[in-house]
Each structure stands twice: as structure tokens, then as C-alpha cells.
Amino acid sequence: EHALAFPPSFLDELKSRVGLAATIGRRVRLVRAGTVMKGLCPFHQEKTPSFTVDERRGTFHCFGCGAHGNAIDFVMRAENLGFREAVERLAGEAGMPIPVESPALRAREDRLAGLHAVLEAAADCFRDSLADRRGGEEALAYLDRRGLGAQAIERFGIGFAPPGRTRLKEALAGRFPEEKLVEAGLLVRPEGGGATYDRFRGRVIFPIHDPRGRLVGFGDRIIGEGEPKYLNSPETELFQKGRLLYAYHRAAPTARRSGEVVAVEGYMDVIALHLAGIETAVAPLGTAMTEQQLALLWRLAPEPILCFDGDAAGARAAARAAERALPLLKA
Ligand code: ZN
């Protein structure tokens, strides 16, 4: 009954926006202890903390009384609320409107699931193109010059969009309706009409994931010189640049453990740092740091580090991010 009352994507988004430690931290003083946070259990009397909060898993657990659950369970129990009331309370705090169950909403859920499948299929095509010695040779040589070898390509799922206007379109045509490919941001439909064509052409492709590790879009880079240097998927229902950080889902486990996170300027910087053993690096997607992105950083570490380029543009970007962070500071 619970699962039917609210769509899964809404509950996911809600839990991710409110944050488990932030929700529990209002009632329980939490102290970091390795990969988790600890405090005195609010559900039974104790003098030494046996109540743990695991932000990565999204669950709390008490080794004293066995209390266990996610952010919604915590609010239900701590505030003595029903499931729906707890969800409404959290949604109110997060400023999220409550979805009303309807056939339209159900259809949206199905559509989003379909978009993930389309993107995964495209990512496979891009990877195959890079591995293809005839087509991907130039891209491979470029990556090699930038110090990204087989290990980086594998680990970050890097691909190649071959030149030509309909390579991806043809590869996926039999498997998905054209409209889905447009919706996923993979095909461009010309404004004045005419046939759709591939958005990504002759470029190195970087898959971009949401904080939960689901593929939501692509970033790309031109090989060698030319403009624009970087392109992204267009804004879609899944891909909202200002709410995403590149490699966040990869950096999160290590960042939570170490209490450190480093935001750098670009995909290549992130990959270089991860390969060099600094696995807490993330990057915004080619835009100034937004409030949502700062909130994501703070979810991983109390004092995020911004490490931008040492040029004038980098200094300006860092100053802008600091100014944006000031009003968000809390006690
Ligand atoms: Zn307990």
C-alpha cells in the first residue's frame, strides 16, 4: 500500500534531498565514526552510543534495541506519525510538492524507466565505437596523450561518438522509438522540421550519473582543437546540470569515509585525480557551482574543498562559489 501511494522516483528524490544524517541530526547528536555516524539512540535509554547512521546505505541501525530503517522510518517513529504523514512532513521541509497518484503520474514513471534504458543502450554503442580499432583510433590516441589508458576508459565508461549524422540513430533505431531518443537528448530534431540526427558526433563521451549511480546523460569533448570544446546532454527530465556533479556516486563512499571531498573544474581533472588515488574528486558540469551542487558536497563532507584552475577564470569561479556558499552556512 505504501509503495503504491507515492511513486518510487518521488520517494528516492525525497530521501536524497533531505539526507539521512541531516534528518536524524535534528534529534540526535551525531559524531562521525569511520564510515558511519554514531549517537545515543532516541528509541531506548543508553549511556554509550549504539545508534549508527549509514548515509551511504541510507539506513540507521541501533545495536542496542534493534531499531532500523530509512529517513522516513525515522520520522515515523521519532514523531509518531504514519507513513503518509511522515512523507508529507519531510516533503514540506524539502519544499517538494506531493505528487497525486494518477494514470499520468504512472505513465511518467514508466517513461523515466524507459529513458534510463535508452541511455544505457547508447552508452554501450559509444563504448563499442571507442573499442573499434578503425573508428575509435583517433579518440583512443587522444585519450592516450591525455594520460587516460585502458584502465581509465574501463573505469569511467568512456566512449566515442563517431562522426556522421546518423550513426547512433541507426544503431538504436530498431530497438527504441525515435521519439524516445529525442527525449533522452540523443537525437536533435531540427526546429524547422526535417530528419532527426545524432547530437554527439566525432567526440569523446563521458557518461554522467545521478547521485544514486544511474546513468542520466553524457558529457563530451572535442578531439583536439575546435569549438565548442565541451558539450552536454540537453536538460531533460533526468539530466539537470545544476543538480548533478560528475563522478559524485564514485566519490561518495570514499568521501564519507574520509570526510573529504574535492570539487575540480572538469571531467578530465576528476579522472586524473581518481587515477592518482584521490578518489574523492567531483566536478560541476561546465557551469558555475549551484546551491544544489554545494548541498551535495556538504552531504559528503563538512568542509568541501574547491580546487579550480589557477588562472583568472578559475579564481573567478572559486570566488563565485564561495559567495554562493555564504548564505547557505548553518550553525
Ligand atoms: Zn536503540
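Residues numbered from 1 in each chain as written. Predicted model: local features only at pLDDT ≥ 70, side-chain atom pairs only at ≥ 80, totals over all residues. Heavy atoms only, no water.

## Here we look at the overall build of the protein chain
Of the regular secondary structure elements, the protein chain holds 14 helices and 14 strands. Its C-alpha atoms give the protein chain principal-axis dimensions of about 70 × 50 × 35 Å. Burial status across the protein chain gives 45% buried among its 331 residues. Intrachain contacts of the protein chain at a sequence separation of at least 6 include 60% that bridge at least 24 residues. Carbon and sulfur atoms form 51% of the exposed surface of the protein chain, whose accessible area is close to 16800 Å². Here the protein chain carries 45 positive and 43 negative side-chain charges, and the mean point of each set is 3 Å from the other. (Helix = DSSP H or I, 4+ residues; strand = E, 2+ residues; numbered from the N terminus. Buried < 20%, exposed > 50% of the residue type's maximum accessible area, 1.4 Å probe, protein only. Contact = heavy atoms within 4.5 Å. Areas by Shrake-Rupley, 256 points an atom, 1.4 Å probe, with all protein chains shown as cover. Lys, Arg positive; Asp, Glu negative; His and termini not counted. Charge placed at Lys NZ, Arg CZ, Asp CG, Glu CD.)

## Quick word on the side chain of Ser129
Counting through the fold element by element, Ser129 comes out in helix α6 (residues 103-131). Under the relative-accessibility criterion, Ser129 is labelled buried at 18%. Other than its neighbours up to four places away in sequence, Ser129 contacts Gly135, Gly136, Phe160 and Pro162.

## Examining the environment of Pro99
Relative to the assigned elements, Pro99 resides in the loop between α5 (83-94) and α6. With 59 residues separating them in the primary sequence, Pro99 and Ile158 have C-alpha atoms 36 Å apart. Apart from the residues lying within four places of it in its own chain, the contact partners of Pro99 are Phe6, Pro7, Phe10 and Leu105.

## Remarks on the sheet that holds strand β2 (residues 36-39)
In spatial order, the strands read β1-β2-β3-β4-β5; together these 5 strands make up an open sheet with antiparallel pairing. One side of each edge strand has no neighbouring strand; the edge strands of this open sheet are β1 (31-33) and β5 (68-69). (Pairing = 2+ DSSP bridges.)

## Details of the side chain of His274
Turning to its location among the elements, His274 is positioned in helix α12 (residues 267-275). His274 gets classed as buried once you look at its relative accessible area, which sits at 3%. Among all residues touching His274, those that are not within four sequence positions of it are Arg155, Phe156, Ala247, Arg250, Ala251, Glu279, Thr280 and Ala281.

## A closer look at the sheet that holds strand β12 (residues 262-263)
Across the sheet, which stays open at both edges, the 3 strands sit in the order β13-β12-β14 with parallel pairing between neighbours. Unpaired on one side and paired on the other, β13 (281-282) and β14 (305-306) mark the two borders of the sheet. Summarising the sheet, β12 and β13 pair through 2 bridges and their orientation is parallel. Paired with Ala263 across the two strands is Val282, which belongs to β13.

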